[in-house]
Every structure is written in structure tokens, then in C-alpha cells.
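# Remarks on the overall topology
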Amino acid sequence: MASNPDSSPSFDPCILLPNTTTPSPLPDRATTNVALDALLQNSLRPSPSNVFGHGPLLVSDIPKNVQNNKDRGVILGIDEAGRGPVLGPMTYAAAFWHPDDASSIPKGLNDSKQLTPEKRAALFHEIRANESIGFVLRVLHASEISRNMLRRVPYNLNAISHDAAIQMIWAVIGAGVKIDTCYIDTVGNPEAYRNKLDRVFQSHFIEFIVEKKADAKYATCSAASVVAKESRDAMTANWKWTESNNYQPRDSKNFGSGYPSDPSCKKWLDNNCNLDPPFGFPDIVRFSWGPAKNALKGEGSANKSEPIVRWEADEEEEDENGGKQASLDVFVVAKKGSDMKRKQSSIMTFGRHKRLGVFNEIGVSKVIKFIESS
């Protein structure tokens with residue numbers, strides 16, 4: 001559902017990037033749809049230098065019946081899309097409404113994977129237009145997934161998924177909405193997941209129903225499934241490359257579904273591996289996925305010249321292999337005698353860097369001139 005730019009309120013999509021405060025709901029449905037269009041069309045994500053940056057979190061306007069009838073809580077459902085692909089974001093969505101509005105909810109809701117693309121798109125249009133339905137969208141870009149899963153102590157995809165769902169529930173509660181029942185399509189063991197949610201939200205008296213295939217059983221989960229799937233597909237189709245000005249990968253966006261088993265996806269990965277060494281792939285790729293790792297190692301890739309990056313620790317730095325750290329003596333004023341000479345010697349050598357071993361390996365004694373390769 002595209003908005004008419006001449007009749008829609010202006011909107012800065014950067015406010016969708018989460019900060020330390022609870023995200024605020026948007027003021028009305030028109031602004032919600034403008035914000036959603038901005039998100040789906042602009043590939044909004046944190047700066048590459050922001051290694052801890054989260055993807056966008058959009059909270060729609062709150063339905064009027066929910067605002068006016070706070071004695072009775074809403075029913076809310078949560079589902080995701082894009083858990084398995086090696087390319088593109090994973091999207092989490094929540095949908096909620098007041099129980100009294102159940103008759104106004106679109107018919108034919110189901111697990112988005114069971115719907116035809118035409119039916120799913122039509123339902124997404126209806127959800128966006130229906131002011132009785134509130135929704136939340138949390139985007140986990142490939143870069144966020146990669147850096148979390150590639151930590152020294154990995155932050156695995158199940159934990160990431162649980163935290164995304166918890167973040168959305170807090171966003172709804174923070175908007176002043178009382179939740180009566182929350183239906184969730186499980187990630188991992190349903191009972192363990194439900195117990196975790198009960199502990200986190202124990203003071204809010206929410207009934208959590210966590211089940212497999214919940215997106216095919218409960219309308220709120222089905223609506224969330226449609227929002228998540230349509231949003232992911234739109235973001236992937238409208239992907240904006242940020243690697244450099246006028247950057248275009250080989251085969252453009254002809255990567256099929258983005259799943260590793262898709263021949264189009266595999267071909268795209270092979271053709272775009274290490275084209276810009278040492279960066280490997282553009283940031284649409286999940287570097288933590290096995291197929292991406294294997295391609296970077298040159299296993300089956302058309303581009304065999306994998307980049308080799310080796311870091312040599314400076315002499316005065318400490319590294320995991322036992323490298324030395326600068327002595328505090330360097331920063332202490334010497335008082336007398338041999339101590340003075342020793343400390344002067346430390347000061348003289350502080351800041352000098354040992355010759356990097358790579359130069360010895362390639363037989364370079366002196367660098368006279370740098371030449372830019374064509």
C-alpha cells in the first residue's frame with residue numbers, strides 16, 4: 001500500500017532506529033503507512049561503523065478501541081519471516097487488536113507460507129488499512145545477525161529471536177496497551193520459551209500460548225506472519241547497496257529466494273564472493289551462515305583469490321597469544337640512579353614498532369614508493 005507523497009505527512013525514517021528509550025507509537029494510521037513505506041523502500045539500517053546498532057523497530061498507531069477500553073486487554077500474536085535465508089533481513093512482527101473488534105479482522109488469514117503471493121499481498125493491504133489492527137515490526141538485518149552470531153561467545157539465532165519478540169512486547173506495553181493473551185509461533189522448545197516469557201513479564205499477568213504452527217492456528221499470529229513476510233520481501237526487492245557510490249554486484253538482485261538451496265542464490269554468492277577484498281560480500285549477506293563462510297574459504301567459489309588478513313600485534317600491546325603490554329614504568333617519573341637510566345631506556349623505546357614479519361617473508365627491505373594498481 002504505497003502512500004501518496006502529496007497527501008501524506010512528512011516522516012524521518014531515522015527515528016525508527018531504536019535508541020535507549022522505549023519506542024513511541026506513531027500518532028495515526030496515515031503516519032504509520034508513510035513510516036512503513038519509508039522503511040520498506042529505503043533499506044534503513046545502522047551505519048556500518050555502529051557495530052552494536054540494532055535494526056529498525058516500528059510501532060504503529062494504537063487502535064482507538066484499545067485506547068478507550070483499557071480494562072480488557074488485547075490479544076496479540078508474534079511470528080517471523082526470513083529465518084533460513086543466507087541473504088537479507090529476518091523480520092519479526094506482532095499484530096494485536098481488542099477482542100471486541102474480532103469481527104472486523106480480515107478473513108482468510110493463515111500462515112503466510114500457505115498463502116499465494118496475491119492473497120498475502122491483499123491481506124497485507126487490508127491489515128495496513130484496518131485501524132482496528134495495531135502492529136509492530138522489528139527488522140534484524142544480515143549485519144546484525146552476523147555480528148551477533150560471530151561473537152567470541154556466540155549469541156545464537158534462537159536467543160536473538162526470543163529477544164526480538166520480548167522487545168516487541170515491551171514496545172506494546174510501553175505504549176500503554178494491556179495484553180491479555182499473547183500467541184507465539186515457537187522458536188525452540190515451546191515450554192522453555194513460555195517459561196522464559198512468564199519470568200520476564202511476570203508482573204503484567206499475560207497469558208502466553210507458545211506453540212508450533214501457531215501462525216496457522218491463531219488469527220493474530222497469522223496477521224503477524226503476513227506483516228513479517230510481506231515486509232521482508234519488500235525490503236529485499238528494494239534493497240539499497242551502501243558499499244560505495246554506484247555499487248552494483250554481479251547479477252544485480254537476481255539471487256532468487258535468498259535460501260542456500262536456491263540455485264540462483266548459490267550462483268549469486270559464487271559470483272560476488274571477494275569481488276572487493278577483503279570485505280567478502282556486501283552487507284545483504286549473513287556472514288555467519290555456512291554457505292557464506294564456505295564461499296569465503298574458496299570452497300566452490302568462482303573467485304578463488306580469497307583475501308588473507310593477518311593482524312600482527314604491536315610489541316607493546318597485549319594479545320591473546322601472550323604479547324607484551326607496555327609497562328607502567330613508562331609513565332612514571334624516575335627518581336634516581338639506575339632506575340633513572342632504566343626508565344629513560346623504556347621511554348626511548350616506547351612507541352617504536354618492530355618490523356612486521358610479512359615484509360621479511362616477501363623479501364622487502366625498504367618501501368620506497370606506493371603504486372596504485374589499475
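Use the structure listed above.
Criteria and thresholds
- Residues numbered from 1 in each chain as written.
- Predicted model: local features only at pLDDT ≥ 70, side-chain atom pairs only at ≥ 80, totals over all residues.
- Heavy atoms only, no water.
- Helix = DSSP H or I, 4+ residues; strand = E, 2+ residues; numbered from the N terminus.
- Contact = heavy atoms within 4.5 Å.
- Areas by Shrake-Rupley, 256 points an atom, 1.4 Å probe, with all protein chains shown as cover.
- Buried < 20%, exposed > 50% of the residue type's maximum accessible area, 1.4 Å probe, protein only.
- Axes fitted to C-alpha atoms, helices over the stretch in contact; angles between N-to-C directions.
- Left-handed = near helix turned anticlockwise from the far one by under 90°.
- Nonpolar A, V, L, I, M, F, W, Y, C, P; charged D, E, K, R; others polar.
- Salt bridge = Lys/Arg side-chain N within 4 Å of Asp/Glu carboxyl O.

Glancing now at the overall build of the protein. Each helix and strand counted, the protein has eleven helices and six strands in total. At a minimum sequence separation of 6, the contacts of the protein that also span at least 24 residues come to 72%. Put simply, the protein shows about 20,500 Å² of open surface, and 52% of that area lies on carbon and sulfur atoms.

A separate point is unusual backbone geometry. Within the chain, phenylalanine 205 stands out as a residue other than glycine whose phi angle is a positive 55°. Along the chain, phenylalanine 205 falls in the loop between helix 6 (190-200) and strand 6 (207-211). Classification of phenylalanine 205 as exposed rests on a relative accessible area of 71%. Although it is not a glycine, serine 252 adopts a positive phi angle of roughly 50°. Among the secondary structure elements, serine 252 is positioned in the loop between helix 7 (219-237) and helix 8 (263-272). On the basis of relative accessibility, which here comes to 32%, the residue serine 252 falls in the partly exposed class.

Turning next to the packing of helix 5 (residues 157-174) against helix 6. Geometrically, a packed helix pair is captured by the angle between its two axes and the distance between the axes. Where helix 5 meets helix 6, the closest approach of the two axes is 12 Å, and the angle between their N-to-C directions is 40°. Like other packed secondary-structure pairs, helix 5 and helix 6 cross with a definite hand, here right-handed. From helix 5, Ser161, His162, Asp163, Ala165, Ile166, Ile169 and Trp170 reach across to helix 6, where they touch Tyr193, Lys196, Leu197 and Val200. By residue class, the composition of the contact of helix 5 with helix 6 is seven nonpolar, two polar and two charged.

Okay, the pattern of salt bridges next. Taken as a whole and assessed by the stated rule, the structure comprises eleven salt bridges. Residue glutamate 230 is joined to arginine 120 by a salt bridge in which the shortest nitrogen-to-oxygen separation is 2.9 Å. Remark: arginine 120 occurs in helix 3 (residues 117-129) and glutamate 230 occurs in helix 7; sequence separation between them is 110 residues. Like arginine 120, glutamate 230 is buried. Residue glutamate 211 pairs with lysine 217 through a salt bridge whose shortest N-O separation is 3.1 Å. Judged by relative accessible area, which is 24%, glutamate 211 ranks as partly exposed. Shared partners join several salt bridges into a network, and the residues in it are Arg120, Lys229, Glu230 and Asp233.

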